[in-house]
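# Structural overview for review
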Amino acid sequence: MSDILVLVEQVDGEVKKVTLELLTLARTLGTPAAVWAGPGITPEAKARLAEYGADKIYVAASGDLVEHVVAPKAELLAQLITEKSAAGVLIAATAEGKEIAGRLAIKTDSGVITDAVGVGEGFVADQSIFGGGINVHARVRKGTPPSSPYAPTPPPPVPAAGAGTEEEVTVALSDAAKAARVVERVKQEKGARPELTEAAIVVSGGRGVGSAENFSVIEELADSLGAAVGASRAATDAGWYPHQFQVGQTGKTVSPQLYIAAGISGAIQHRAGMQTAKTIIAINKDPEAPIFELADYGVVGDLHQVVPQLTEEIKKRK
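Let me begin by describing the structure that accompanies this report. (Residues numbered from 1 in each chain as written. Predicted model: local features only at pLDDT ≥ 70, side-chain atom pairs only at ≥ 80, totals over all residues. Heavy atoms only, no water.)

## Remarks on the environment of valine 69
Looking at where valine 69 falls in the secondary structure, it is placed in the loop between α3 (64–67) and α4 (71–84). We classify valine 69 as partly exposed; its relative accessible area is 37%. A C-alpha to C-alpha distance of 23 Å links valine 69 and glutamate 83, two positions 14 residues apart in sequence. Valine 69 has contacts with Ala180, Arg181 and Val182, leaving out every residue within four places of it along the chain. (Helix = DSSP H or I, 4+ residues; strand = E, 2+ residues; numbered from the N terminus. Buried < 20%, exposed > 50% of the residue type's maximum accessible area, 1.4 Å probe, protein only. Contact = heavy atoms within 4.5 Å.)

## Brief notes about the environment of lysine 178
In this fold, lysine 178 is placed in the loop between β11 (165–168) and β12 (201–205). Here lysine 178 falls in the partly exposed class, since its relative accessible area comes to 32%. Through-space distance from the C-alpha of lysine 178 to that of glycine 273 is 33 Å; in sequence the pair is 95 residues apart. Excluding anything up to four places from it in sequence, lysine 178 contacts Asp64, His68 and Leu173.

## Considering the pattern of salt bridges
The final tally for this structure, using the stated rule, is 16 salt bridges. Residue glutamate 195 is joined to lysine 16 by a salt bridge in which the shortest nitrogen-to-oxygen separation is 3.2 Å. One end of the pair, glutamate 195, is in the loop between β11 and β12; the other, lysine 16, is in the loop between β3 (14–15) and α1 (17–26), with 179 residues separating them in the sequence. Salt-bridge contacts for arginine 181 lead to glutamate 67; the nearest nitrogen and oxygen are separated by 3.7 Å. Of the two residues, arginine 181 sits in the loop between β11 and β12 while glutamate 67 sits in helix α3, which places them 114 residues apart along the sequence. Through salt bridges that share partners, Arg193, Glu219 and Asp223 make up one connected network. (Salt bridge = Lys/Arg side-chain N within 4 Å of Asp/Glu carboxyl O.)

Below, the structure written as structure tokens:
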């Protein structure tokens with residue numbers, strides 16, 4: 001089977017969950033081949049990639065790949081597509097990932113599909129468009145199969161041991177790829193809660209929370225579950241919660257095992273960022289709220305009454 005290249009997302013050598021999700025997806029399409037761009041790969045990282053199905057791990061350890069902005073990674077992937085006759089490329093649907101996918105499509109004279117929620121046989125993608133209002137099947141029409149980059153929102157990661165054979169890769173970068181350089185990095189302090197996009201459980205609050213002070217009920221429920229806190233665009237635009245915690249089409253995309261939406265109407269803008277969650281619980285006093293169309297479980301009621309009771313009950317069971 002041909003290689004399916006998966007660009008590894010990592011921070012300080014720690015492989016991010018989205019990469020494990022992409023490897024799980026890649027196993028259904030061909031031979032999963034992880035691509036590590038830059039220095040810093042560790043034995044623990046290699047073991048993690050192999051645990052989730054990476055038969056091959058292409059390691060391009062040049063510092064140039066991370067000291068310059070985006071373009072070097074696109075050139076690395078383009079080179080690997082040609083050298084390894086890869087059948088496709090899977091890239092996380094982050095802001096950087098989407099730019100890499102677009103640049104890669106140009107370099108390989110191919111089409112590109114972004115924000116796919118799944119990719120099936122023949123590289124037919126399930127795609128959610130118009131803010132999650134319509135689901136379509138899509139496939140690139142231009143370019144050969146080895147040059148079809150996708151940026152999907154993948155399924156939950158499932159372990160399945162791969163060989164994890166490491167192969168060093170050397171890439172000759174063009175001057176154009178090195179035109180923009182990263183001059184400074186500021187490391188964000190990690191809080192007690194899990195990272196929003198990595199969390200297994202996310203509790204989000206929306207317009208129904210009512211104020212910044214009232215977001216404490218959302219935080220208390222999240223802390224009782226060991227969850228991350230999210231917010232709708234309405235809540236962040238109102239200044240009730242920081243914008244970096246916004247879930248939605250113009251915010252972050254999450255795919256946790258459990259998503260609790262409290263006081264969120266469920267407009268398509270928000271649904272686009274959380275609809276792939278495995279289990280969705282909605283709490284809203286409006287029985288006609290669109291979020292109930294998506295929810296696995298729903299509670300019609302005032303979140304300020306329901307959420308504190310839920311938090312107390314969870315604490316009792318611990």
